[in-house]
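# Observations on the model geometry
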Amino acid sequence: MVKIPFVDLKFQHQPIESQIQQAIQDVLKRGDFVLGKALADFEVAFAAASNSQYGVGVASGTDAIALGLQACNIGVGDEVIVPANTFVATLIGVLRAGATPIFVDCDPQTALMDLDAADKLVTPKTKAILPVHLYGQMVSPRKLLEFADTHNVLIFEDAAQAHLAERDGYVAGSVGIGAAFSFYPSKNLGAMGDGGIFLTKDLEIAQKMIRLRNYGASYKYFHTDPGTNSRLDTIQAAILLEKLPYLSQWNSDRLIIAKQYDTELASLAAKGITPIQNHSLQGHVYHLYVVKIDETCSVERQEIQEQLAVAGIQTGIHYPVPCHMQPAFTCLGYQPGDFPHAEKMAKQILSLPMYPGLTSSQVTQIVGNLATIIR
Ligand SMILES: *Cc1c(COP(=O)(O)O)cnc(C)c1O
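What counts and how
- Residues numbered from 1 in each chain as written.
- Predicted model: local features only at pLDDT ≥ 70, side-chain atom pairs only at ≥ 80, totals over all residues.
- Heavy atoms only, no water.
- Axes fitted to C-alpha atoms, helices over the stretch in contact; angles between N-to-C directions.
- Helix = DSSP H or I, 4+ residues; strand = E, 2+ residues; numbered from the N terminus.
- Left-handed = near helix turned anticlockwise from the far one by under 90°.
- Contact = heavy atoms within 4.5 Å.
- Nonpolar A, V, L, I, M, F, W, Y, C, P; charged D, E, K, R; others polar.
- Parallel < 35°, antiparallel > 145°, perpendicular 65-115°, else oblique.
- Domains from an automatic or database assignment.
- Buried area = accessible area lost by both parts, 1.4 Å probe.
- Salt bridge = Lys/Arg side-chain N within 4 Å of Asp/Glu carboxyl O.
- Polar contact = N/O pair within 3.5 Å; in protein donor to acceptor, adjacent residues only side chain to side chain.
- Near = heavy atom within 4 Å.
- Areas by Shrake-Rupley, 256 points an atom, 1.4 Å probe, with all protein chains shown as cover.
- Buried < 20%, exposed > 50% of the residue type's maximum accessible area, 1.4 Å probe, protein only.

## Notes on the packing of helix α2 (residues 17-30) against helix α9 (residues 234-243)
Helix packing geometry: the angle between the two helix axes and the distance between the axes. Following both chains from N to C, one finds α2 and α9 inclined at 145°, their axes separated by 9 Å at the closest point. With respect to the hand of their crossing, α2 and α9 are arranged in right-handed fashion. Residue-level contacts link Q19, I20, A23, I24 and V27 of α2 to T234, I235, A238, I239, E242 and K243 of α9. Here the residues of the contact of α2 with α9 sort into seven nonpolar, two polar and two charged.

## Here we look at the packing of helix α4 (residues 61-71) against helix α8 (residues 203-212)
Where α4 meets α8, the axes come as close as 9 Å, and the angle between the chain directions of the two elements is 125°. Viewed along their axes, α4 and α8 adopt a mutual orientation that is oblique. Helix-helix and strand crossings are classified by hand; for α4 and α8 the assignment is right-handed. Counted together, D63, A64, L67, G68, Q70 and A71 of α4 and I205, K208, M209 and L212 of α8 form the full contact between these two elements.

## Things to note about the domain arrangement of the protein
On domain assignment, one finds that the protein holds domain 1 (10-246) and domain 2 (247-374). Of note, the centres of domain 1 and domain 2, computed from C-alpha atoms alone, are 25 Å apart. Counting residues at the interface gives 40 residues for domain 1, matched by 36 residues for domain 2. Here domain 1 and domain 2 share an interface that buries about 3,500 Å² over both sides, 64% of which is from carbon and sulfur atoms. On the domain 1 side of the interface with domain 2, the three residues burying the most area are F103, Y135 and N188, jointly 22% of the side's total. Scanning the region where domain 1 abuts domain 2 turns up zero salt bridges. Taken together, domain 1 and domain 2 are joined by 23 residue pairs in polar contact (both at pLDDT 80 or more). Those elements that place two or more of their residues in the side of domain 1 that touches domain 2 are α1 (10-13), α5 (88-96), β3 (100-104) and β6 (166-167). By residue class, the composition of the side of domain 1 that touches domain 2 is 23 nonpolar, 11 polar and six charged.

## What to know about the site of the ligand
Taken together, 15 residues sit near the ligand, with G61, T62, D158, S182 and K187 positioned nearest. A distance of 2.7 Å separates an oxygen atom of the ligand from a polar backbone atom of G61. Between the ligand and Q161, the relevant distance is 2.9 Å, taken from an oxygen atom to a side-chain nitrogen or oxygen of the residue. With the chains in place, 93% of the 380 Å² that the ligand exposes on its own is no longer accessible.

## Comments concerning the environment of K3
Structurally, K3 is set in the segment before α1. Residue classification places K3 among the exposed residues on the basis of a relative accessible area of 61%. Measuring from C-alpha to C-alpha, the distance between K3 and G312 comes to 4.5 Å, with 309 residues separating the pair along the chain.

Now the structure itself:
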């Protein structure tokens, strides 16, 4: 039996291995391991690709959120509206910035933050809304900008799953006052270790972020901001710089795979398995391909997942427990039942294998196995 892993990064790396080795070699020769040339080059290139202005590389996506919010002057005493169904790092970033997270439920079809529900959560303390472009699909920039305008709040994007995603004519990371990306290896653009970047079009915010990631120093040994040590390693930036030109192609590959899944899964809709809805197929970068297994399905999710595993097909759940129900954050005072859509989603979702290099016959094999299991 040939196994199908959930992700397989070798298809990205093998064809450009010698290029990557050369890039690493160049860093070795220059010896500028921290805040080196490749970092500056990558920051410019990634900000330009994302239609933003300034990029500031940091140690992780979590730091890009935590320090990024700080750079945007969002912190203690400020409420930030965040989706209940996101990776916990979104929440950790907000808490580390000192701000108060206010959870909002998701749309049951798209799994994206529900902006109508968010409308009702705005208070005089609301400083920002923090959309997560979940699974690679952007929260509508048009609606976000309307929301921000109506309520006079800032937009801060968590684009960790949405490198180069587009919607309403905007690229992910170009909508808000600030945006955070992660380069965790399995993200659409991944480093060979941890990494992240913060994007902004505001020079002053960018300058503050440059200080915050570097001990809060305005210049060496003069510290004007309560910063930390969080820099994207030059070696990681050099690798990312080599990979960046391929990102659009990899995203298109993901889209083709997603379209095939959509087509082949259509016959399972009557049996209770439906993909998470797309606003339109263009612009979605499919970090993950997620289906919902609803109560009409004859087989339970766990059973389906186990049987797929027996057939050699690895799947995931993103995410099994919404943030407001995580044991670490009961102190925030939320209860089960507070966000019915997010909670139901957490019970029903299943992420199928998705990566550039996954073949069309493998997709057919995965859907075929699913069909057999629920027959
Ligand atoms: C991966 C991810 C992060 C955190 O990024 P790290 O680099 O792992 O710290 C934040 N938010 C979302 C939505 C993510 O998927």
